[in-house]
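Overview (structure and organization)
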Amino acid sequence: MVTATHSAIGTSTARVDAPQKVAGTAPYAYEHPVEHPAYLVPLTAAVARGTIRAIDTDAALAVPGVLTVLTPQNAPRLVEPDSGEHRVLQSFEVAFRGQIVAAVVAETPEIAQQACDLIAVDYDEQPHDVAFRADHPGRYTPEKVNGGFPPDTARGDVDTALARAEVVVDETYSTPEEHNNPLEPHTAVAVWADDRLTLYDSTQHPHGVAAALASALGIEQDRIRVIAPYVGGGFGSKGGPHAHDVLTAMAARKLPGRAVKFAVPRRDMFAYVGYRAPTVSHMRLGADRDGRLTAIAHDCVVQSSHVDEFVEQAAVPARIMYATDNLRTTHRAVTLDVPAPFWMRAPGEAPGMFALEVAMDELAHRCGTDPVELRVRNEPETDPESGKPWSSRRLIECLREGGRRFGWDPGDREPGTRRDGRWLVGTGVAAATYPHMVNPGSEVSVRYLGDGRFSVRTGAADIGTGAWTALTLVAADALGCSPEDVEVEIGDTALPNATVAGGSSGTSSWGSAIVAAADEFHKRHGDNPGPGAEASASAGEDPQLEHYSIHSFGAHFAEVRVDVDTGEIRVPRMLGMFSVGRVVNPRTARSQLIGGMSFGISMALFEESVRDPRLGHVVNHDLAEYLVPTHADIGDVDAAWLDEDDRHATPMGSRGVGEIGIVGSAAAVVNAIWHATGTRVRSLPVRLDDLLPAL
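We now turn to the structure provided with this report. No experiment lies behind these values; they were computed from the predicted model shown.

The rules behind each value
- Residues numbered from 1 in each chain as written.
- Predicted model: local features only at pLDDT ≥ 70, side-chain atom pairs only at ≥ 80, totals over all residues.
- Heavy atoms only, no water.
- Helix = DSSP H or I, 4+ residues; strand = E, 2+ residues; numbered from the N terminus.
- Salt bridge = Lys/Arg side-chain N within 4 Å of Asp/Glu carboxyl O.
- Buried < 20%, exposed > 50% of the residue type's maximum accessible area, 1.4 Å probe, protein only.
- Pairing = 2+ DSSP bridges.
- Axes fitted to C-alpha atoms, helices over the stretch in contact; angles between N-to-C directions.
- Contact = heavy atoms within 4.5 Å.
- Left-handed = near helix turned anticlockwise from the far one by under 90°.
- Nonpolar A, V, L, I, M, F, W, Y, C, P; charged D, E, K, R; others polar.
- Phe/Tyr/Trp six-rings, centres within 6.5 Å; stacked < 30°, edge-to-face > 60°.

1. Examining the environment of Q114
- Topologically, Q114 is positioned in helix α3 (residues 109–116).
- Distance in space between the C-alpha atoms of Q114 and V66 is 9.7 Å, their sequence separation being 48 residues.

Take a look at the structure:
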């Protein structure tokens, strides 16, 4: 065996799964070969709230090739679903437009769709409320917000500090409803045999799906196997099971011996698989003339659902971002007759930091201070919320080095003065933060195969982020061998338990478990193990969290151009500079950061789900009308990071990179638009007519 220390980690490495993906031999969930599959097509509710008075399936059942039609009348009864959205076909009550009210299973997808169109449903429609607004009379204080954070915090006397402040920003910022749209939609293939369920699923958390289905179906979790080796994107929406998983399992159980395939239609991706809830943030900043903060108040209102409570933690980043003696954050929720919100890339931080970082840009202008310098002046020495020292907070270096590489000019801050032909030109900056998360409970087994080769097994999911490759590098260093001598197995609940691929926690959680398993292997078998030697271990709670505040930080710099005749907005270049600990694989990490920044450009300029208040559904429920950037919209976007090694965070010295790329990036674009035009936009996405006063 070869002994090595961090020779693989930090090496730019091509994806180990790339050949299979390029060749088309990497099977995604729907593509898994099963014998004689049947196909499911759902029928969704045509009203936003009400009761099914009658449902007629006779015409559907008469179509040749139809195997069964499931409705609330005949669907298998569930036992203890974990959430409201898992109670599929258990009631005649309709809670939102798009709720699954029936499903056809047939020999082909075409037959299933034809029969589904023949189902007649008679509704007793009831008044509904789907219109989100900050002053909604039903808004309330939740017990907690996403992540388990308390909804409200306070220190000092914010109101007095604001009243005495020399400079005040008092503005409201909003972000719209947005929908995750991974290229691979949610899909599932269910097979029952001997009262055991095998589910091929496009999910970020195979073990989480198995646990939820076991609860809903009333069987032991070890009788469920979830397989998900390749996942075509998730962005949070696949972080847990949704109605389609439960429905596919129910349908297959109804048809002994038949596998059932269900690919969620693109239009239904806007209905029952989660989305980012709209937010409204009232930001108040108080400062002295030099821009030093004396008070921060972030009061946020977010949308939730009668189906399940989900409250975006949008005000949480303000609790740790800048130094001030007086701070108050609040969250209020509005429960509507809509589907349940869920995770979408950097939930909480993405909309919350948009509000905070645009407000900071406004403060810089009112103080006559460079926006970079304003953030530097308000740098906290320790975590303002907990008082703990930072494990590593190098935001100032990100701002300074990022500004140097970008060509930031602190003397050029007068808006609407730079022009290149017919284009108004502006630059903007915003800071970023994302909490470091290591989820305890991941388990890893290591087995020596002989000839210097090892097998490393865990039930993690690679959702396109490069986990196959990153875990190979971590294992190589931990075991003291080359990456070529490591065989990683992931994506299957038959493997040891693994936590979710979400919250930028995947590599940190699974990698920590790999290091623990490798240490256990060395303790048991020494430097000369025999073939077949094995060891297992799990990653427990991180004791460093008791002593340090651990976060990633970054700074975004954007250049924007606005056509003076049409208002067309372009982002020709953008740079992100990050402090994320030791980077395990520079190639895939850079890809993740650039992907997040592209997400931010999309958030700033394109994405918005428009819900019809009369009928309750999202009207732009396809990729023709739900706008996302094309290649022409993403110019010279680059990401870089500081050289560091944070052993307080993980044994590898790494922190997460999956989501910090989006945090703050939309604010940098909007701040650059202000610099180009002199128009301050506070509601996303930016529309051309927002800029008319400046053109």
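2. What about the pattern of salt bridges?
- With the rule as written, the count across this model stands at 49 salt bridges.
- Between R267 and D268 there is a salt bridge, and its shortest N-O distance comes to 3.7 Å.
- Judged by relative accessible area, D268 falls into the buried class, the value being 4%.
- A network of salt bridges, in which partner residues are shared, links R394, E397, E644, D646 and R655.

3. Thoughts on the sheet that holds strand β21 (residues 534–538)
- Taken in spatial order, the 4 strands line up as β20-β19-β18-β21 in an open sheet, and their pairing is mixed. The sheet is open, and its two edges are formed by β20 (486–489) and β21, each paired on a single side. Within this sheet the neighbouring strands show an average axis-to-axis angle of 20 degrees, counted without direction.
- Sheet strands touched by helix α11 (residues 467–479): β18 (443–450), β19 (453–457) and β20. Its angle to β20, the strand with the most contacts, is close to 135 degrees.

4. Examining the packing of helix α8 (residues 349–367) against helix α14 (residues 665–677)
- Axis separation between α8 and α14 bottoms out at 8 Å; the angle between their running directions is 35 degrees. Of the two elements, α8 crosses α14, and the hand of that crossing is right-handed. In this structure, α8 contributes M353, F354, E357, V358, D361 and H365 to the contact, and α14 contributes A666, A667, V670, N671 and W674.
- For the contact of α8 with α14, the class distribution of residues is 7 nonpolar, 2 polar and 2 charged.

5. Focus: the pairing of strand β23 (residues 569–579)
- Most of β23 sits inside the fold, with 8 of its 11 residues counted as buried.
- Taken together, the 9 bridges between strand β22 (residues 551–563) and β23 define a ladder with antiparallel strand orientation. The residue bridging A555 from the neighbouring strand is M577, located in β23.
- Taking the residues that link successive antiparallel strands as the turn, the β22-β23 hairpin has 5 residues, and the phi of G567 there is positive, at about 80 degrees.
- As judged from the 6 bridges shared by β23 and strand β24 (residues 636–641), these two strands associate in the parallel manner.

6. Let's talk about the packing of aromatic side chains
- Evaluation of the coordinates by the stated rule reveals 12 aromatic pairs.
- Judged by centre distance (5.6 Å) and plane angle (90 degrees), the ring pair of W390 and F553 falls under edge-to-face. Of the two residues, W390 sits in the loop between α9 (371–377) and α10 (395–406) while F553 sits in strand β22, which places them 163 residues apart along the sequence.
- Taking the relative accessible area as the measure of exposure, W390 reaches 11% and is therefore buried.
- Given a relative accessible area of 0%, F553 falls into the buried group.
- When the centroid spacing of 5.7 Å and the interplanar angle of 65 degrees are considered together, the rings of W408 and F557 count as edge-to-face.

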